[in-house]
Each structure stands twice: as C-alpha cells, then as structure tokens.
Amino acid sequence: MTSFLSLSLPVETTMENSILPRLRFVSSSPRGRYSLNSGLNNSKFGFPNAVEGEAFPGLACNWKKMLNVYGRAKPRRSNCTRAVGKDSVEGKDSDDSVDTLQATIEKSKKVLAMQKDLLQQIAERRKLVSSIKNIKLNIEEDLDSYNGTDNSFPVQDLASTVAGSTNGKYANDIHSKSYTQATAVGMSETPDVDINGSFSEEEQGNGRNLSPEKVSLDIDSSKEFKETSSTTVQSDTVPSFLLKTSKYDLKDESTEELVESSLEDDVSSEANLVSEDETVKTPPLAGANVMNIILVAAECAPWSKTGGLGDVAGALPKALARRGHRVMVVAPRYGNYAEAQDIGVRKRYKVDGQDVEVNFFQAYIDGVDFVFMDIPMFRNIENNIYGGSREDILKRMVLFCKAAVEVPWHVPCGGVCYGDGNLVFIANDWHTALLPVYLKAYYRDHGVMKYTRSILVIHNIAHQGRGPVDDFHYVDLPEDYLDHFKLYDPIGGEHFNIFAAGLKAADRVVTVSHGYSWELKTSEGGWGLHQIINENDWKLRGIVNGIDMKEWSPLFDVHLTSDGYTNYSLETLQTGKPQCKAALQKELGLPVRENVPLIGFIGRLDHQKGVDLIAEAIPWMVGQDVQLVMLGTGRPDLEQMLRQFESQHHDKVRGWVGFSVKTAHRITAGADILLMPSRFEPCGLNQLYAMNYGTVPVVHAVGGLGDTVQQFDPFNETGFGWTFDRAEAHKLIHTLGNCLLTYREYKKSWEGIQRRGMMQDLSWDNAAQKYEEVLVAAKYQW
Ligand SMILES: Nc1ncnc2c1ncn2[C@@H]1O[C@H](COP(=O)(O)OP(=O)(O)O[C@H]2O[C@H](CO)[C@@H](O)[C@H](O)[C@H]2O)[C@@H](O)[C@H]1O
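Residues numbered from 1 in each chain as written. Predicted model: local features only at pLDDT ≥ 70, side-chain atom pairs only at ≥ 80, totals over all residues. Heavy atoms only, no water.

- Under an unreviewed UniProt entry, the protein chain has the name starch synthase and belongs to Nelumbo nucifera.
- In UniProt, the protein chain has this text filed under Catalytic activity (unreviewed entry): "[(1->4)-alpha-D-glucosyl](n) + ADP-alpha-D-glucose = [(1->4)-alpha-D-glucosyl](n+1) + ADP + H(+)".
- Of the protein chain, the UniProt comment under Pathway (unreviewed entry) reads exactly: "Glycan biosynthesis; starch biosynthesis." (UniProt positions renumbered as here; feature names shortened; annotations may be inferred.)

1. Focus on the overall build of the protein chain
Inference 1: Counting its secondary structure elements, the protein chain contains 28 helices and 18 strands.
Inference 2: Each of the 782 residues in the protein chain was classed as buried or not, and the buried ones make up 61%.
Inference 3: Within the protein chain, residue pairs in contact and separated by at least 24 positions form 75% of the contacts whose partners lie at least 6 positions apart. (Helix = DSSP H or I, 4+ residues; strand = E, 2+ residues; numbered from the N terminus. Buried < 20%, exposed > 50% of the residue type's maximum accessible area, 1.4 Å probe, protein only. Contact = heavy atoms within 4.5 Å.)

2. Focus on the domain arrangement of the protein chain
How big an interface is tends to be expressed through the accessible area that disappears when the partners come together.
Inference 1: In terms of domain boundaries, the protein chain breaks down into domain 1 (287-542) and domain 2 (572-761).
Inference 2: The interface of domain 1 with domain 2 comprises 14 residues on the first partner and 12 residues on the second.
Inference 3: Summed over both partners, the interface of domain 1 with domain 2 comes to about 1,000 Å²; 60% of that surface belongs to carbon and sulfur atoms.
Inference 4: For the pair domain 1 and domain 2, the number of links is zero salt bridges.
Inference 5: Applying the counting criterion to the domain 1 and domain 2 interface returns seven residue pairs in polar contact (both at pLDDT 80 or more).
Inference 6: Listing elements by their share of the side of domain 1 that touches domain 2, those giving two or more residues are helix H11 (308-322) and helix H18 (514-519).
Inference 7: The element contributing the most residues to the side of domain 1 that touches domain 2 is H18, with four residues.
Inference 8: Looking at the side of domain 1 that touches domain 2 residue by residue, the class counts come to four nonpolar, seven polar and three charged. (Domains from an automatic or database assignment. Buried area = accessible area lost by both parts, 1.4 Å probe. Salt bridge = Lys/Arg side-chain N within 4 Å of Asp/Glu carboxyl O. Polar contact = N/O pair within 3.5 Å; in protein donor to acceptor, adjacent residues only side chain to side chain. Nonpolar A, V, L, I, M, F, W, Y, C, P; charged D, E, K, R; others polar.)

3. Some points on empty space enclosed by the protein
Inference 1: Counted by the stated rule, this structure contains eight cavities of 30 Å³ or more.
Inference 2: In this model, the second largest cavity occupies a volume close to 120 Å³.
Inference 3: What lines the second largest cavity is a set of 12 residues, and nearest its centre among them are Ala301, Pro302, Asp311, Asp548 and Glu551.
Inference 4: A per-element tally of the lining of the second largest cavity places H11 first, with four residues. (1 Å grid on protein atoms, 1.4 Å probe; cavity = no way out; pocket = protein on both sides within 12 Å on 5 of 7 lines; lining within 4 Å. Points joined across faces, edges and corners; volume = space filled by probe spheres on them.)

4. Thoughts on helix H21 (residues 611-623)
Inference 1: Compared with the 18 Å implied by 1.5 Å per residue over 13 residues, the 19 Å span of H21 between its first and last C-alpha is a close match.
Inference 2: The largest bend along H21 reaches roughly 50 degrees and is located at Ala617, with the proline Pro619 sitting one to four residues downstream.
Inference 3: The set of residues buried in H21 consists of Val611, Leu613, Ile614, Ala615, Ala617, Ile618, Met621 and Val622. (Expected span 1.5 Å × (residues − 1). Bend = angle between axes of the 7 residues up to and from the residue.)

5. A short note on the pairing of strand E11 (residues 508-511)
Both faces of the sheet carry side chains from a regular strand, because those side chains alternate between them.
Inference 1: Alternating residues of E11 divide into Arg508 and Val510 and Val509 and Thr511, and every residue in both groups is buried.
Inference 2: Taken together, the four bridges between strand E7 (residues 453-458) and E11 define a ladder with parallel strand orientation. For Leu456, the partnering residue across the bridge sits in E11 and is Val509.
Inference 3: Here E11 runs beside strand E12 (residues 540-542); their pairing, made up of three bridges, is parallel. Across the sheet, residue Thr511 finds its bridge partner in E12, namely Gly542. (Pairing = 2+ DSSP bridges.)

6. Quick notes on the pattern of salt bridges
Inference 1: Within this structure, the stated rule accounts for 31 salt bridges.
Inference 2: Salt-bridge contacts for Arg666 lead to Glu587; the nearest nitrogen and oxygen are separated by 3.1 Å. With Arg666 in helix H23 (residues 661-670) and Glu587 in helix H20 (residues 573-588), this residue pair connects regions lying 79 residues apart in the sequence.
Inference 3: Close ionic contact of Arg755 with Glu751 constitutes a salt bridge, the shortest N to O distance being 2.9 Å. With Arg755 and Glu751 both in helix H27 (residues 747-759), this residue pair falls four residues apart, about one helical turn. The pair formed by Arg755 and Glu751 is uniform in burial state, with each residue classed as buried.

7. Observations regarding unusual backbone geometry
Inference 1: Residue Ala301 is joined to Pro302 through a cis peptide bond whose omega torsion reads 10 degrees.
Inference 2: Along the polypeptide, Pro302 turns up in the loop between strand E1 (292-296) and H11.
Inference 3: Even without glycine at this site, Asn422 takes up a positive phi of about 55 degrees.
Inference 4: Its location among the elements puts Asn422 in the loop between helix H13 (407-410) and strand E6 (423-428).

8. Quick word on the confidence of the model for the protein chain
Inference 1: For the protein chain, the average pLDDT comes to 76, and 66% of its residues sit at 70 or higher.
Inference 2: Per-residue pLDDT stays below 50 along residues 1-93; that stretch engages in 227 contacts with residues further than four places along the chain or on separate chains.
Inference 3: A low-confidence stretch, residues 137-277 (pLDDT under 50), is modelled with 245 contacts involving residues beyond four sequence positions or located in other chains. (pLDDT = per-residue confidence, 0-100.)

9. A look at helix H12 (residues 390-404)
Inference 1: For H12, built from 15 residues, the straight-helix expectation of 21 Å at 1.5 Å per residue is met to within 8% by its first-to-last C-alpha distance of 21 Å.
Inference 2: With respect to burial, H12 is a largely interior element, 12 of its 15 residues being buried.
Inference 3: Among the residues of H12, Arg390, Ile393, Leu394, Arg396, Met397, Val398, Leu399, Phe400, Cys401, Lys402, Ala403 and Ala404 are the ones counted as buried.

10. Some thoughts on the sheet that holds strand E13 (residues 598-602)
Backbone hydrogen bonds hold the strands of a sheet together, and the pairing may be parallel or antiparallel.
Inference 1: With parallel pairing, six strands are arranged side by side in an open sheet as E15-E14-E13-E16-E17-E18. A single partner strand is all that each edge strand has here, and the edge strands are strand E15 (653-657) and strand E18 (722-724). Across the sheet, the mean angle from the axis of one strand to that of its neighbour is 15 degrees, orientation sign disregarded.
Inference 2: Pairing geometry for strand E17 (residues 696-700) and E18, over three bridges, is parallel. Its bridge partner being in E18, Val698 is matched across the sheet by Trp722.
Inference 3: Across the sheet, H21 lies against E13, strand E14 (627-632), E15 and strand E16 (673-676), angled at about 160 degrees from E14, the strand it touches most.
Inference 4: Sheet strands touched by helix H22 (residues 636-648): E14 and E15. Its angle to E15, the strand with the most contacts, is close to 150 degrees. (Axes fitted to C-alpha atoms, helices over the stretch in contact; angles between N-to-C directions.)

11. Digging into the side chain of Lys652
Inference 1: Inspection of the secondary structure puts Lys652 in the loop between H22 and E15.
Inference 2: Notably, Lys652 is buried but unbridged: the nearest opposite-charge side chain belongs to Asp651, and the N-O separation is 5.2 Å.
Inference 3: Filtering out sequence-adjacent residues up to four positions away, Lys652 remains in contact with Leu590, Val622, Gly623, Gln624, Asp625, Val626, Gln627 and Leu628. (Lys, Arg positive; Asp, Glu negative; His and termini not counted.)

12. Digging into the packing of H12 against helix H14 (residues 434-443)
Inference 1: Where H12 contacts H14, the axes come no closer than 9 Å and their chain directions differ by 55 degrees. In terms of orientation, H12 lies oblique with respect to H14. Regarding H12 and H14, the two cross each other, and that crossing is right-handed. Within the contact between the two elements, H12 uses Met397, Val398, Cys401, Lys402 and Ala404 and H14 uses Leu434, Leu435, Tyr438 and Tyr442.
Inference 2: Classifying every residue of the contact of H12 with H14 gives eight nonpolar, no polar and one charged. (Parallel < 35°, antiparallel > 145°, perpendicular 65-115°, else oblique. Left-handed = near helix turned anticlockwise from the far one by under 90°.)

13. With respect to the sheet that holds strand E9 (residues 486-489)
Inference 1: The strand order across the open sheet formed by three strands is E8-E10-E9, and the pairing between neighbours is antiparallel. The two strands at the open ends of the sheet, each matched to only one other strand, are strand E8 (466-467) and E9.
Inference 2: In terms of strand pairing, E9 meets strand E10 (residues 493-497) through four bridges, oriented antiparallel. Bridge pairing in E10 links Lys486 to Phe496.

Right, here's the structure in full:
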C-alpha cells in the first residue's frame, strides 16, 4: 500500500465523509467521472480522493484494447510449407515431393530446436532444483528456531542463513580486500573525492558486496529463473520434469519420445555441464552494466509493510544484487530491528526551520545493504506509518528524502561509501518523489552528483502528496521550483502536488505493469496527472512486479509448517494443498469439507480493491455451496461489513479484520480461489502469490491483473484463472459462476489451471533485468 492510508487507519472513511473544504472536478470524459480532493483536508493529504460512482468504466471497456496494445499475442512464426514454397519458386521446379521433403526437413529442424530448448530447460530446472534443495536444507535448520509468531521476521532469519553471509561475513569480505575506508564513524561531512569515485573494474566485476560463494549461488539461480520459462507458459513448453506426471504437456508424442530418450542420453553430459558451471567463476549477469543502486522507500518488508510497496522494496533489491549490482535499500527505522546495527553515523538536516538529527543503522542481507534512518519523528509509528496530520507526514518525507539523497556520501557499507559516480536512485511513489527533485535542485543543478540518476516508480498514482500551494515552504526549495509542484484541477484549482514534481524531475519513470502504464495516460486512470505522464511518456515503462520466491513459495513458506498446514510443491499439489485447505477451515472454524470451494480475499478494505462488489455479490455467493474468507483492514464501514457477513452467514463466511501476514499466507495456500475485483490495480501481488500456490485467481482484468491473469480457455486448456471486464457485481457473479462450475465439474481442467499457474516464472529476476535496462538508459541520458 502506497499512501497515507495505512491499513490500520480509517482514512478512506474521511475521504468520503470529510467536512473540510473539498474541491472536485468532473471529468469531461463521457466514460465516467472522478473527484479530486484539493488536499486541504489534512487526513486526506496524499491521495486525490474518493472515486465516485463507477470509477473506471472506460478502463473496463478498454482492457482488451490494452492487451492488444501491450500484446500477449506472440508473433506468429512463418510456417514451414510457405517457406519451402518460396524456396522452390526461386529455385528449380516446384516439385511436390521435394516440397514435402523440404517441409519434413524444416519440421524436423523445428522439432530439434524445440528439443534443444527443452533440454536446456531440463538442465536449468535440475540446477534450480538442486539449489532449491540446498536452500531448503538451510531453511529447515532455521525453522527449528523459528517461533511461528506473526510478528517475527522469518524471512530475515532465513535470508541470512541462505545467504550464508552476515554483516560480519560482509565485513570480512571487504577487509580481505584491504579497503582503506573502513571506519564508519566520523566520515567527513562533505563528499570526498575518494568516496565519490567509482569502483575499480575488479571491485565491480566481482560483485563487491558478495562473497565469492554467494555470487555463484545467486547468479546461478537467477539465471535459471530467467531462462527457464516465459511468463505465460503454454502447454507445449512445459518443463520436462512434468512430462511423466502430467498430461498438460507436449501434445506431440513423437517429440515427447524424442525428448525422453534424449533426456536419458544427455544426463551425463548435463552433469558435466553443471559441474563445469560450478567451478567456473561466473561474471555478474549485469556484465558491464553493473551499477550502484539505492532504492528508497517509505516501507520495506519484512520490517515495515502496509501493502505491496513494502514487498517490492524488500525483494526487488535482492534480485538486482543477484545480477551483480551493488544495492542498498534506504527506509525509515520505525522500530527496533534486531538485524540492523547502529553504524555511528550522525547527520543533521533542516525541516521546517528545525535541525533534526538522523542516525543510521545498517544490515547486510542477501547481498543488499539495508540502511535504516533513525529519526525521532519516525519512531513508534510502525503500526501507523502514514498516520498523523498532513503537515507531519510531509515533514517526515521531506526529511527522509533530504537525508536519503546524501546516503551515498555518508553511509559506509562494509567500510566503503557508494559514492555518486555510477549511481542510480530508485524512488517509490509520492512519499519519496521529492528525492529526484532534491537530487536535481540541490546537486545536479550545481554541477554536483553529475553522474547520479533517479528513477521514480509509480505503485499507485491515486496517492499523490497533495496539499495547498502554501505547502511549498516545507520542501525547502528555490522559488523557481514552485511551478513543478503546482497542478491545476479544472474545479479544484491550483494545488501543490509532490508526485507531479517528482515525475518531471526523475530521469526515468517506471510503473508496475504494462496495463497500468497505459491506464495512467487516460483521464480516468491518471488521477489528474495523466497530462504530465503523457508529456513524459518517452521516459515511462511498465514492468510487472515479481514474487519473492523465498517468502512466497508453498515449498518454503514458514507459515505452513504448523497447525496442520504443510509445505507443498507442484509434485505434491494434490495432497499438500488439500491439507492446507483443511487446516485453514479448521483454523477458521468452518466445516472441514474437501469438496466445497473455498474462496479467499486479501487486501485493503477500500474502494480500490472492490470490496463493495463482493458485498453486492454476497447474497448470491451464500446461496451457493461455497466458503468465503476475507482478510483486510481499512475503511471502518467495510470492516464492519466483514464482521456482519461473518455473523450473518457463520457457517460459510469468515471476515478477518486485521493485518496478519501469517493469515495472508495461509489463505493463499488453503483457498481454492482468490477473488480480486479491484477497480484499479497497478500490478497486484496477491494474484501472483495465488498462482504460485496453485490458487486460482478470479480478477477484474484491469492494470496488472489484466497483464498477469490469462483467462482460462476450456477448448485449448490454457490460461491461469478467470477475468471479468467491468467492475460490476453481476460480472463478478457470472465469472465466479463459471469458475465454480469448472471447479465442480471439470477436475482435470482445474488441476491444469493450478499447475500452469504454479509453473510460471514469477520471480523477480525477470523484472530485475528489465529494471536494469531502465537504469542503464538513465545512466546514459543527459
Ligand atoms: N490484512 C492484511 N494482512 C496481511 N497482509 C495483507 C493484508 N492486506 C494486504 N496484505 C498484503 O499486502 C500486500 C498487498 O499488495 P498489493 O500489491 O495487492 O496491493 P497494494 O495496493 O498495497 O500495493 C500497491 O503497490 C503494489 C506494488 O507495486 C502493486 O502491486 C499494487 O497494485 C498497488 O496498489 C500483499 O502482500 C498482501 O498479502
């Protein structure tokens, strides 16, 4: 969640019921309207406001168009016969038998190419399996000590174990390379030439932050994820290990035989290949593009999380580090984090005329330097991190961004600062959108940090950091910068908008799916910023989020190790998942029945997530033989609604009001179906998690949901779930009805959907590679 709206805050209610002045405009678009709050209401600062009526009917209509634009359709290969025909015309006579022969040869070539491709996948899957096994061994050791409470940080523990590298290890690595700047405390106040310098080739090439063992493990596994399969796995590209267990495989029997026999033949050569790989020191995947990257975010899982932003900030950096980059995450220190040590660096920054001291804490985990800023105004708000008055939140973000931009000078990680050469910041959402502005206004405009670039990632444009124009004085910038913050609403008039300034100042802009990058440019989806986004279209790119495979994998999930739950994989899906379902039913006090479809919902209870559509569908749903569990916090009226559903339909519905990571994992594993009727959804992570757990998503095909959930096609047995094209209750009911029918009547198809979902490569490694392209583009941009 990416706004002031904390999951534990009833902010959305105030959106609807504000008594403070509220400025609105009605979109001239015939498709629908939305209102924008001027931001004068303190509690609403940060998001533009309540959506009225049908929020994005236009989007609903246009999702198919979006899909066409961003294309799932793959380029068709020219068919063999045509190619042969062309040859024969150009050559001698067009003789039928020659044609046939040619066609056969072409076909054989194609089959051989497929076979080669499959063998490659087999080799890579095997490597993956063996590296996963290693990881699992470590994890199992850790599980013994894991206490199973929701508030602990298993990922953290596991991460350290898996990486096999702690801060101490890291320090050793650095020391062994005889770095001279090992003293953290008392670094000079101003940037110094040595510190700013970029790393030597050797330092970069070796992935300086990583121990040699770590480099090879991580690089190998990311490569495997990257190359193993495409995001949309078709039935003809099934990994080989499924050939013997499933029918969702190669339809072409001859190819299958060929593959099987080649498989056996190739076992020994593969083994050689793997062992060779292990001994050869692999260069970083990023090659010559290795950079210093600092991701700055207001939340970072597992330490702080109110929603998807926290997940992304916790996982994307690790994937970038696996590619060989030197990566740091900078986040506020909301509480005491066991892993992070005070490194003794103290800096002072001014906010609203006052000097505020910032202390820096650091932890090195999974190849990433996590730097936490300890600032009095951030302390003890871990359960309400976007809480407080508009001014309070603004001051926090001003201070955070001012300090973050100087972290590469002042915070030595493993003894050496990042420096500002070959450096890119990744800012996230409006909270850190000031960073690109500060980088420009304080430094680059003055010839400092000339080689530093900034990327701004839009996770949710609905929250913008809005306020009255007077708020400009808080951000402490030269007067001529005011114009960058001013935004005019046709009805609301001029206001102050942090996201607007950040979008203009950033070197590149990324958003979290292709679909959303299209929607952002529409008046319905841009929430008043569409014009600025259109003007900056040249620097915008959509990159679909990934999954932290250690955190969200049914095989390693630490929340499935007790209370009757169990870890499972593709191979044990048929036994493991039903066991989790039974455990969930038991935990929730629902009748334990294997054949009743169990539907889940996890998310913020607000307008975005379409909870009200579920509410409208409830009478129909409870008329079916289904069970429904909803987990969420947010608007008090919607929380109340959840409680009410539970009390009215106690034999079928559970409404869990609260923020519980453990329960979210357990629902994802135990449910058969995950419902996501979001009105808009920049990417959405829960549907990705669901598919990885063999849980079938039913979604409104908007934003990232449209990008990631391919509609089930019963004729071709393709697709990962069900989609509906308008955020309307009757559409949801109709679609869910089809889904339930398949669940009940077509078990084999259902299993196929589950398996295809689980077989996708949803890891962060693909996305990290794309981010790298954006970072490189920014680096060479002047
Ligand atoms: N009550 C609860 N208890 C426990 N866990 C809960 C919970 N409610 C939500 N969560 C967890 O929070 C995360 C929510 O992530 P999403 O991507 O679905 O939504 P969010 O709208 O916050 O993120 C925004 O940013 C992300 C990241 O880019 C985009 O995917 C998304 O579309 C955009 O709206 C998931 O990990 C989910 O399990």
